[in-house]
Every structure is written in C-alpha cells, then in structure tokens.
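Reading the structure
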Amino acid sequence: MNLDHSILTLILITPLLGALLLALIPEREGTNTHAVGALVVTLITFVFTLHLAFHYNYAALPGSYQFSVDKPWILLTPQSAGIHYHLGVDGLSMWLVVLAGFLAPIGVLASWKTVKTRTRLFYSLFLLQQVAMFGIFVALDLFLYYGFWELSLVPLTLLIATFGRTENRRRAAIKFFLYAFIPSAILLVAMIWLYTRTGTFDLPQLQALAAAHAISPSAGALWLCSLAFLVAFAVKVPIFPLHGWLQDAVCEAPTAVVMVLAGKLGLYSILRFSFGIFPEQMHRIAPLLIALGAIGIVYGALIALIKTDLKKLAAFATLSAVSFIVLGIFTFNVLGLDGAVLQILNESVIGAAFFILLGLLYERYGTYDMRDYGGLASRHAWMVTFFVITALAAVGLPMLSGFNGEFLILAGAFTSAIAHHVAWTVLATTGVILSATYMLGMIQRIFYGRLGVRPNEVRGWDLTAREHIELWPFAVLFLFMGLHAATFLRAIDTFGTLTADKPAHFEPGSFKHIESETYGPAASIKVLPQPPLEAKR
C-alpha cells in the first residue's frame, strides 16, 4: 500500500481524531484512561512521521516538495485559484515533522503523574496542539497555514491558564496570547494584501512570483508586508527584544507544553515564508537581525547566569539558544542556514530533555530555587548523569548534538557577506563560554557541595522506570546527532543550497549560480539547475 500521497493527511487526522475521542470519554478519578489514550495516539502518529524519513527522496532537486497533496478547497472568486488543501514537505520541514512526532509521546509520559485532575481537558488540548504544529510544518497554502498558526494559540493559552503552576498562570496566559495574537492579526492583513496582488495563496506560486519580481511594483508596500510577516514570526521565536512573554509562560507552563512553546514554529515560519516570499527584503534587514541575534545570545546568557530560579534560568537559556539560530539564519550562506536548521532540531531536543529534568526535580522537592538544593549527586545518581549529559549537549561539547549546529552557524557567520558580520559573530561566540558557565554552575549548585535545605526536609528518590523511558531516547539522540549529523543534513542541505546566496560567475548580461557539493576542501563545483515549483513523488 502506497501511503505517500496520504501520509501527511494521516499525520494530521490521527491526533485530531484522538483529541475528539478523548473529549468524549468521561473522566474518572484515579484512572489513567486519558493518558493511556493520548500515549497510544501519539505513538501511532510518531510511527506515521517516520514514514517521511524512510521514504524521503534525498536526491530530489532543491525546491521540490514531497508527499504532496493539492486539492481545491474554497473557491473565492471564479477567476482566482482560491484556497487549497495543499500539503507537502521538503528538506526544511521533513525532520521537524518527525521531531514533533518524537516529542509528543514523551510529553505524555512527562505529564503522567503531574496532571492528576481535568485529564480529559489536558490531553485533548495537548493533541489539538499537535494537530496545529503538524499543520504549520506541512501547509503550503497561506490561508491553510494561517488557520493552523492561529489554532496553535488556543490550546497553548488554555493549557497555561488552566494547568499553570502558580496563581500567576492566567496573567502569563493572557500575556502570551496578546503577544502572539496581535501580530498575527496584522499577518492576516498582509496575507490578504498578497492575495489581492497575486490572486493566490499557494506558496510555490508566490515563491515563483517573488523570484520574478512580479508580486507588486510598489517596493514600499512589499517592505511593509514583509515586516508584518517577520514581526509575527519573531514574536513567536522570540527574537530579542520581543521576548516579554517568555519568562512568565515558561515558568507557568506544564512540562509537556513548555517543550513546544518557543523556537520551532517561529523559526520555521521565517525560513519558509519570509525567506520564500520576501527574499530581497530579508537581505535588507539581515544586518539588523544578525545584530539582534548576537545581542540576544549574550543578553539571554547573562540573565541566565544571575538567575536562581531554575525555570527562569531555562527561559533565558532558551532565548540565548534561539538567538544563536537567528544568527545562522540571516547569514544567508549554506553553512549558516544548514547549521541553523540543524540547530532547531538540536535545541528542541536538548530543551525538551532539560525541562523534563527540571520537572522531575520539582516533583520530588517542590521548588525551582537553586538555593534550596545541594548535594543531590549522592542521592540521585541517574538524575545527575542525565543532567550532566544534557548540559554538555547544550554547551556544544564535541560528539554531542549541540556542537555541530553551533559550529556550522559560527562558521557561516564568519564567512557571511552581510555587513559587520565579523564583529557581531565575535560577540556571539562569547555566548558559548557563558552557556557553559551557567549550565555547569547550575549542576554544581544542585548536585554537589553541602546537602541543601529541601533535601534535608524531603527524602527524594532517583529515576523510576517510566522516567528512564522518557530520558534514554534523549541521551541516545544526543550522541547520534553529534556523530551522524550528516543523516539530517542530507535533507536539510537541499533547502540550504536553494536559499543561500551562492558564489556567482558574472557574464555579460547574465549570471550563473554555482554551489559546492560538499563542505570539504576537495569539493566539486556544480551548476544548480532551476528547480520546478513542485515535484510530486
């Protein structure tokens, strides 16, 4: 049975049907019915996402979309293309879909003991959030994408407001919603303007029109439209200084929610839509974004360095990590773009493991204050082992996952053609040292030295079997991604080579792009053919 033309629909429908089914099952105190149901649904969905990795055509031309579905959905006018149910993945989105599928069952396991009331609501909203995330990654129609983008706000806001840790949860949820919704409303206006100029919401067609400079003759209007897209996505990343919602949301959100809160959706959307539809405008604003990325790296790391609350430390560590990716994205060269996309995967996996470990500490001792800890290594041998492995991956130790992405980003930033890139890259490099300082300092304060106040009062316990199941996949993935980054870069590089500025041979009246086939000194040079708008398998 060939699933290639239905697999993306299956990935979307499975969690949606699961959410509807769980919403219909009555809630009974003392049972794990909804958790078990959510776990089964997320595991099935994860298996479906693996189909993408195993059946992806890694030799396809850059710019082609695979596993495509393109069906007319809503006809707006007789003369227009209308809104299509158009799905597909390429080297940018394929591994992100697999990543979302991988994290979902682990998020369910992380919530197994912490969510004890209103489980029907929690797991239904959690699965609905999965639908929205998958939809954002696979939608190739702007209007369809916007529906998934807005859908993602609703379950996240309700989960924070309902299952937050303190009385501040509703305030944090409202702040997150306002930060995300207001720019999204402006984004909708920009999308409608694009439609009035082009008569289509179809992304491949819009990319072709952008390449031909045929969207609009008004440079000012295009510039404003590109800013509407960029700001909406930058808030969701968040890019410094648009991070006002991050600390409160991270501090309040349950572990399964905070695993998907920052980074992936906004960064992907910048690469897919801002770069795809407004390449010239993104080139113009690249020097500013490289500066903001470098400042965000150092600012986030410095704030994390002085935080004693573990959740707040993690929030600013996240800001620093996603700022690293922003730096790589706006280098506009293959090294930086490949490193940025790879680092989205790395940061998502490392961040998820880190937040799970923080949640396990809180389950045992009821506090995120580092000053109350100390000397836990003698009591929690397995926990300190996973904390150290995660911290080393986060600071970019060679052979672990964080190293490859950071190395490619810094190499790309140093060789970028963007103005003032060297000075900002030197500043960004200090973030590597600062991240090691606050991560290893955190390990020392929690697990070594004298036994702290809370460990004296509460007798904690080491990892249970369920918690081992949650954490071992991360440890294996840290090592695999560190040693076999090429497995992921095979697909990612097809996007990077298409998007990057390429060395050019100029001839009278025309020019040709050329691109190195490998990163090595003996790289062969090839002329890149013009890719089709879409290649169906």
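Now for a look at the structure at hand. (Residues numbered from 1 in each chain as written. Predicted model: local features only at pLDDT ≥ 70, side-chain atom pairs only at ≥ 80, totals over all residues. Heavy atoms only, no water.)

**Let's talk about the overall build of the protein**
Formally: Every helix listed is a DSSP run of H or I at least four residues long, and every strand listed is a run of E at least two residues long, numbered separately from the N terminus. By definition in these notes, contact holds between two residues if any of their heavy atoms fall within 4.5 Å. Each accessible area value is a Shrake-Rupley result obtained with a 1.4 Å probe; residue values ignore everything except the protein chains displayed when judging cover. All tallies of charge rest on Lys and Arg as positive and Asp and Glu as negative; His and the ends of each chain are not included. Charge positions are represented by NZ for Lys, CZ for Arg, CG for Asp and CD for Glu.
When helices and strands are tallied, the protein shows 20 helices and five strands. Across its three principal axes, the protein shows a C-alpha extent of roughly 80 × 55 × 45 Å. The contacts in the protein between residues at least 6 apart in sequence include a share of 79% that link residues at least 24 apart. For the protein, the accessible surface area stands at approximately 21,000 Å², while carbon and sulfur atoms represent 67% of it. Separation between the mean location of the 33 positive side-chain charges and that of the 29 negative ones in the protein comes to 7 Å.

**Digging into the nonpolar core**
Across soluble globular proteins, nonpolar side chains have a tendency to be buried as a group. To be explicit about the condition: Buried Ala, Val, Leu, Ile, Met, Phe, Trp, Tyr and Cys residues that are joined via side-chain atoms within 4.5 Å together make up what is termed a nonpolar core. Any residue under 20% of the maximum accessible area for its type is buried, any over 50% is exposed, and the rest in between are partly exposed; the area is computed with a 1.4 Å probe on protein chains only.
Ranked by size, the top nonpolar core spans 196 residues in total, and within it Phe229 and Phe330 carry the most contacts. Element by element, the count of residues in this core is highest for helix α14 (residues 334-365), at 19 residues. Aside from chain neighbours lying at most four places away, what touches phenylalanine 229 is Leu142, Leu187, Ala190, Met191, Leu194, Phe273, Ser274, Ile277 and Phe278.

**Describing the pairing of strand β2 (residues 83-89)**
The line we're drawing: Two strands pair if DSSP finds at least two bridges between them.
The buried count for β2 comes to six of seven residues, which makes it a mostly enclosed element. Note that strand β1 (residues 66-74) and β2 share six bridges and pair antiparallel. Among the inter-strand pairings, aspartate 70 is bridged to a residue of β2, identified as histidine 86.

**Quick word on the pattern of salt bridges**
When the charged atoms of two side chains with opposite charge come close together, those side chains can pair. This is how the line gets drawn: Note on definitions: salt bridges are taken to be side-chain nitrogens of Lys or Arg within 4 Å of carboxyl oxygens of Asp or Glu.
Enumeration over the complete set of coordinates arrives at seven salt bridges. Ionic pairing is found between arginine 466 and glutamate 467, a salt bridge with its closest N-O pair at 3.8 Å. For the residue pair arginine 466 and glutamate 467, the accessibility class agrees, reading buried in each case. Measuring nitrogen to oxygen at the nearest pair gives 2.6 Å for the salt bridge that ties glutamate 470 to arginine 466. Separated by four residues within a single helix, glutamate 470 and arginine 466 lie in helix α19 (residues 465-483), roughly one turn from each other.

**Here we look at α14**
Stated precisely, the cut-off is as follows: Here the expected span of a helix is defined as 1.5 Å times the quantity of residues minus one.
The end-to-end C-alpha separation of α14 is 46 Å, in line with the 46 Å expected for 32 residues at 1.5 Å each. Judged by how many residues are buried, α14 sits mostly within the fold: 29 of 32 residues are covered. Where α14 terminates, the next one or two residues include glycine 366, which has phi positive at roughly 70°.

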